[in-house]
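# Per-entry structural report
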Amino acid sequence: MHPCWMLVVFYALIAYPILGANASNIFIKPQIRVTTTFADFDARIMDHWGGGGGKRVQISKDSKHPFEGRTFGGAKRKEIRGTRAFGSGYPYGTGNQSTIARRPFPFGVWPLYWDQNFMEADEYGPLYDAIRPGGLIASVPLRTTTAHFNVTENEVYYAIGDRESLLPLMISYVTWCHVTPAWPSRFDPTATNATVKLENVIQYFRGSSFALATPMYNNSFARIPDSGTTESSPLPELVEHSPFRKCLDGVTENALAIINKPPTGPIADILIIVFTSTWLISLGAAVMILYALVGILYWIRGCIFPDPAIERRRLEAAREARRQETTYENYP
């Protein structure tokens with residue numbers, strides 16, 4: 001194989017997957033900025049498919065933020081699941097189980113709210129939707145076709161949460177669960193004609209800031225103000241055993257945006273750049289050395305084991321040269 005082709009194969013099999021994967025993670029991964037102060041441009045980042053974790057921080061008490069002093073962050077991906085009880089899904093800071101007021105924000109987002117100031121949810125109501133991390137509360141219908149799942153025409157679910165969490169999550173739903181594409185629309189949890197209500201929620205996530213619901217389900221225990229209860233009406237058999245519902249549940253658990261660890265700081269960033277650059281330089285040097293060695297071996301091979309076709313053409317050229325020389329000497 002020619003050395004140039006060996007370099008192409010090396011890049012395609014080794015270098016490109018490594019560099020391409022890193023570029024995808026850094027530049028394409030959907031992110032949501034969580035701003036809690038106007039003192040600087042620092043912000044925590046919520047990542048789709050991120051692992052979460054890190055140190056808990058406080059919203060600065062001089063930030064004029066409506067929730068100043070509250071702790072946020074620190075929760076991990078494995079802690080994202082709640083139950084069917086509103087106010088569930090908190091890895092810390094639940095306190096009084098009969099109210100969600102005055103709670104911290106482990107995943108970076110405050111909870112949803114429902115009508116009749118249920119469990120004092122008005123604390124997070126429409127007044128603060130404009131600064132809710134991820135934007136206004138929206139919902140999106142989740143349907144599929146019989147080409148991918150054994151579903152009935154009435155089997156439809158709704159994802160409820162902030163707009164910026166829903167948009168990238170919809171891509172994951174379409175990719176993994178073959179959801180029929182649909183755009184989120186504004187959702188008012190307190191409206192009497194809301195598409196889904198508190199009683200229709202089948203699963204809360206991320207500190208009750210995100211929910212999956214379906215009109216096919218009615219939880220008669222939903223209005224009991226106890227976020228720690230595990231009591232609920234059983235799911236309809238169609239919903240309980242639905243592969244489509246299970247797919248939506250799994251994708252939400254693994255892909256929903258949660259807050260990341262705090263930034264590493266300029267010194268750590270510089271070290272990452274330096275070591276990354278050193279690694280790339282070392283990789284380039286290794287490729288050049290490999291190219292030189294292959295070229296030398298290719299030349300030695302040509303000297304010791306000449307290519308028969310090349311040798312034959314050389315002998316034919318030599319014979320033709322002698323023939324022409326002899327003809328010239330015998331010319332009268």
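In this report, we go over the structure that sits alongside the text. (Residues numbered from 1 in each chain as written. Predicted model: local features only at pLDDT ≥ 70, side-chain atom pairs only at ≥ 80, totals over all residues. Heavy atoms only, no water.)

### Some details on the sheet that holds strand β5 (residues 137-142)
A sheet is described by the order of its strands in space; here five strands give the open sequence β7-β5-β6-β9-β8, paired in antiparallel fashion. Strands at the two margins of the open sheet, each flanked by one partner only, are β7 (185-186) and β8 (201-205). Relative to strand β9 (residues 210-213), β8 runs antiparallel, the two being bridged by four bridges. Residue pairing for β9: Tyr-204 is matched across the bridge by Ala-211. Contacts from helix α2 (residues 163-177) reach β5, β6 (157-162) and β9 within the one sheet, and its direction differs from that of β6 by about 140°. Here helix α4 (residues 243-255) sits on the sheet in contact with β5, β6, β8 and β9, set at roughly 15° to β8. (Pairing = 2+ DSSP bridges. Helix = DSSP H or I, 4+ residues; strand = E, 2+ residues; numbered from the N terminus. Contact = heavy atoms within 4.5 Å. Axes fitted to C-alpha atoms, helices over the stretch in contact; angles between N-to-C directions.)

### Quick word on a nonpolar patch on the surface
Taken together, the side chains of Ile-296, Leu-297, Trp-299 and Ile-300 define a hydrophobic patch exposed on the protein surface, amounting to about 440 Å² of accessible area. Relative to the helices and strands, Ile-300 resides in helix α5 (residues 266-304). Its relative accessible area of 34% is what places Ile-300 among the partly exposed residues. (Patch = residues over 30% accessible without salt bridge, like charges linked within 9 Å, V, L, I, M, F, W, Y side chains within 5 Å. Areas by Shrake-Rupley, 256 points an atom, 1.4 Å probe, with all protein chains shown as cover. Salt bridge = Lys/Arg side-chain N within 4 Å of Asp/Glu carboxyl O. Buried < 20%, exposed > 50% of the residue type's maximum accessible area, 1.4 Å probe, protein only.)

### Here's the deal with the pattern of salt bridges
Following the criterion strictly, the structure yields 10 salt bridges and no others. Residue Arg-70 pairs with Glu-123 through a salt bridge whose shortest N-O separation is 2.9 Å. A residue pair is termed long-range when its members are at least 10 positions apart, and Arg-70 in the loop between β3 (57-58) and β4 (71-72) and Glu-123 in the loop between β4 and β5 qualify at 53 residues. On the accessibility criterion, Glu-123 (22% relative accessible area) is partly exposed. Here Asp-162 and Arg-206 are joined by a salt bridge, their closest N and O atoms 2.7 Å apart. Residue Asp-162 is found in strand β6, and its partner Arg-206 is found in the loop between β8 and β9; the two are separated by 44 residues along the sequence.

### Considering the state of the cysteines
Counting across every chain of the model gives one disulfide. Here Cys-177 is linked by a disulfide to Cys-247, with a sulfur-sulfur distance of 2.0 Å. Between Cys-177 and Cys-247, the S-S torsion sits near -95°, and that sign places the bridge as left-handed. Remark: Cys-247 occurs in helix α4 and Cys-177 occurs in helix α2; sequence separation between them is 70 residues. (Disulfide = S-S within 2.5 Å.)

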